[in-house]
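Structural characterization, general
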Amino acid sequence: MATLWEGRLSGATTDALKALNDSLQIDKRLYREDISGSAAHVKMLVSVGLIEKSDGELILDALKTTEEEMTSGSFVFQPEDEDIHTAVERRVIEIAGEAGARMHTGRSRNDQVVTDLRLWTLKGLDELAALVVSLQKSLIEQAEKAGAARLPGYTHLQQAQPVLLSHHLLAHAWALSRDFDRIIETRARTDVSPLGAGALAGSSLPIDPIMTSETLGFSETFKNSLDAVSDRDFVAEAVFVNALLAVHLSRIGEELVLWSSEEFGFVEIDDAYTTGSSMLPQKKNPDIAELARAKTGRIVGHLSGLLTVLKGLPLAYNKDLQEDKEPLFDSFDTNTLVLTALTGIFDSVTFNREKMAQAADKPFSVAIDLAEHLVHKGMPFREAHTLIGGLVKASIEDQKDFKKVVLENENFGPEIEDFFKPEAAIDRRITPGGTGLDAVEVQKEQMKKRLEIQISMMSR
Ligand code: ARG
């Protein structure tokens, strides 16, 4: 079988080498990027006079045909196609003959592959940003619909204080805003063309890396050829951004699992996003939420796998770097599935306001407000905390209604009755960023503005 290196090495490659070495099945999804990278390179070669205009045209036509064949599925891969770069070049030479054999002038697969991967990652980040925005929109819409609906807020998964449902949903939207920021920041560092670095040291031919960079729409061009071909920081960052995003999505998933359980009963997930049991007829299982929780494992695994591949690599290109693609692709693919499904869940979810209010309106949940009421009247907080703690204890030990215990205490007058009214605890939260109705109104506006800024950053 013919190899790219048949001039230097004799003897056929072994099956074992091929099985380990070939990356076509993974990297063939880079074909569009590979072809646009090659087209930019060829235009540059013509422009600097390294190949004839007529040869350039033949190559560009052959690239176009190759792209059409790959898109339609009619492209026939050959056993010697080691990766997408060799497959495309082999076909271009088949179609364009000698002209095709000039395409790889002044270029190495080392700068070629990382050019492709940067182009792919830029697109992946843009699509991911749009999906994050969609989930945020869905959360904000539910926050609007929630009005004054309240539920218990938890710490240590123990009921702590009542909070507005809108406040809770927006908390997730803010985390997603930070994910969005990280996507944009990673995008900026990805947006650098490595094409023209050659195998590692540049070229003796008068190629023009800035021209190819501009043709491909990159914002910057590499400054150091060794760094250009060996740098996979952008891959690691993109996987990290996905991993932290997945951590956020898993937390949302976990809440949906809890909240849809019989014990909580706060949400009803639409049938479209649940499954039944093969044995138990009554079951409605929140599989999608569970998978949103579980899929995080593989992405976090990709991050540590990739960093381990990168550690200790000497400059410049090493074949180890071929292992960068699977973790990258799978991280994006997985989050795309999960984001789409979670957005669907929130677009169609029903909240059970009564259940949530019932759980929120427990007398003990106003304990902190009673202590703060005493602070208003001049008592040091530590003292008030101890006093209320004692009343809670008495109520539990004597099995007496907490409200009664409080009303009987000499520190409180009849005014304290109002504190036990449902909603009262939320109304009393007056601080910015807190769960009070007014504060959450302000927060909603802030979130909507934030989202507008995000959307304007996307369309640039
Ligand atoms: N398939 C290779 C990769 O993904 C392309 C670069 C190969 N370069 C080389 N010198 N063998 O990294």
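Residues numbered from 1 in each chain as written. Predicted model: local features only at pLDDT ≥ 70, side-chain atom pairs only at ≥ 80, totals over all residues. Heavy atoms only, no water.

Turning our eyes to something else, we now look at the overall build of the protein chain. A tally of helices and strands in the protein chain yields 19 helices and six strands. For a compact globule of 460 residues, the expected C-alpha radius of gyration is about 23 Å, and the protein chain comes in at 30 Å, more than 25% above that figure. Overall, the protein chain is about 100 × 55 × 40 Å in size when its C-alpha atoms are taken along their principal axes. A separation threshold of at least 6 residues defines the contact pool for the protein chain, and within that pool the share at least 24 residues apart is 75%. (Helix = DSSP H or I, 4+ residues; strand = E, 2+ residues; numbered from the N terminus. Rg over C-alpha atoms; globule rule 2.2 N^0.38 Å. Contact = heavy atoms within 4.5 Å.)

On to the site of the ligand, then. All residues adjacent to the ligand are Ser23, Asp27, Asp83, His85, Arg109, Asn110, Val113, Tyr317, Gln322 and Lys325. Interatomic distance of 2.9 Å between a side-chain N/O atom of Asp83 and a nitrogen atom of the ligand. At a separation of 2.4 Å, an oxygen atom of the ligand approaches a polar side-chain atom of Tyr317. When the ligand is considered free in solution it has 340 Å² of accessible area, and contact with the protein chains removes 86% of it. No other element matches helix H6 (residues 109-146), which puts three residues into the shell around the ligand. (Near = heavy atom within 4 Å. Polar contact = N/O pair within 3.5 Å; in protein donor to acceptor, adjacent residues only side chain to side chain. Areas by Shrake-Rupley, 256 points an atom, 1.4 Å probe, with all protein chains shown as cover.)

This paragraph deals with the pairing of strand E2 (residues 158-164). Sheet analysis places strand E1 (residues 150-155) next to E2, joined by six bridges and oriented antiparallel. Its bridge partner lying in E2, Gly153 is registered against Gln161. In sequence, E1 turns back onto E2 through a hairpin of two residues, with His156 there showing a positive phi of about 55°. (Pairing = 2+ DSSP bridges.)

In this section: the packing of aromatic side chains. For the coordinates displayed, the defined rule picks out eight aromatic pairs. With a centroid separation of 5.9 Å and 50° between ring planes, the pair formed by Tyr154 and Phe264 is classed as tilted. Of this pair, Tyr154 sits in strand E1 while Phe264 sits in the loop between helix H10 (233-259) and strand E5 (267-268), placing them 110 residues apart in sequence. Joined through ring pairs, the aromatic side chains of Tyr154, Trp259, Phe264 and Phe266 make up one cluster. (Phe/Tyr/Trp six-rings, centres within 6.5 Å; stacked < 30°, edge-to-face > 60°.)

Another point: the side chain of Ser177. Assignment of secondary structure puts Ser177 in helix H7 (residues 165-190). Residue class for Ser177 comes out buried when judged on its relative accessible area of 2%. Residues in contact with Ser177, not counting those within four places in the same chain, are Gln136, Met447, Arg450 and Gln454. (Buried < 20%, exposed > 50% of the residue type's maximum accessible area, 1.4 Å probe, protein only.)

The subject of this paragraph is the packing of helix H3 (residues 31-47) against helix H5 (residues 84-96). At a minimum axis distance of 10 Å, the contact between H3 and H5 shows a crossing angle of 55°. By the angle class used here, H3 and H5 are oblique. By crossing handedness, the relation of H3 to H5 is classed as right-handed. Taking contact as the criterion, the partners of Tyr31, Asp34 and Ile35 in H3 are, on H5, Ile84, His85 and Val88. In the contact of H3 with H5, the residues fall into four nonpolar, one polar and one charged. (Axes fitted to C-alpha atoms, helices over the stretch in contact; angles between N-to-C directions. Parallel < 35°, antiparallel > 145°, perpendicular 65-115°, else oblique. Left-handed = near helix turned anticlockwise from the far one by under 90°. Nonpolar A, V, L, I, M, F, W, Y, C, P; charged D, E, K, R; others polar.)

Once that is clear, we can look at the side chain of Ser166. Tracing the backbone shows Ser166 in helix H7. Sequence-distant contacts of Ser166, that is, excluding residues within four places in its chain, are made with Ala143, Ala146, Gly147, Val440 and Lys444.

Turning our eyes to something else, we now look at the environment of Ser365. Positionally, Ser365 belongs in the loop between helix H14 (353-360) and helix H15 (367-376). The class of Ser365 is buried, set by a relative accessible area of 13%. As for Ser365 and Phe420, which are separated by 55 residues in sequence, their C-alpha atoms are 9.1 Å apart. Residues in contact with Ser365, not counting those within four places in the same chain, are Ala160, Gln161, Pro162 and Ala360.

With that settled, consider the pattern of salt bridges. Oppositely charged side chains can form a pair if their charged atoms are brought close together. Per the stated rule, a full pass over the model turns up 39 salt bridges. Arg109 is the salt-bridge partner of Glu82, the closest N and O atoms lying 3.2 Å from each other. Note that Glu82 is positioned in the loop between helix H4 (53-72) and H5 and Arg109 in helix H6, a separation of 27 residues in sequence. By relative accessible area, which is 6% here, Glu82 ends up buried. We classify Arg109 as partly exposed; its relative accessible area is 22%. Asp271 is the partner of Lys284 in a salt bridge, and the nearest nitrogen-oxygen pair spans 2.8 Å. (Salt bridge = Lys/Arg side-chain N within 4 Å of Asp/Glu carboxyl O.)

The subject of this paragraph is the packing of H3 against H4. Contact geometry of H3 with H4 gives a least axis separation of 9 Å together with a crossing angle of 175°. Considered as vectors, H3 and H4 are oriented roughly antiparallel to each other. Where H3 abuts H4, its residues Tyr31, Arg32, Ile35, Ser38, Ala39, Val42, Lys43 and Val46 lie against Lys53, Gly56, Ile59, Leu60, Leu63, Thr66, Glu67, Met70 and Thr71. Looking at the contact of H3 with H4, its residues break down into nine nonpolar, four polar and four charged.

Geometric descriptors of this kind do not, in isolation, establish any biological role.
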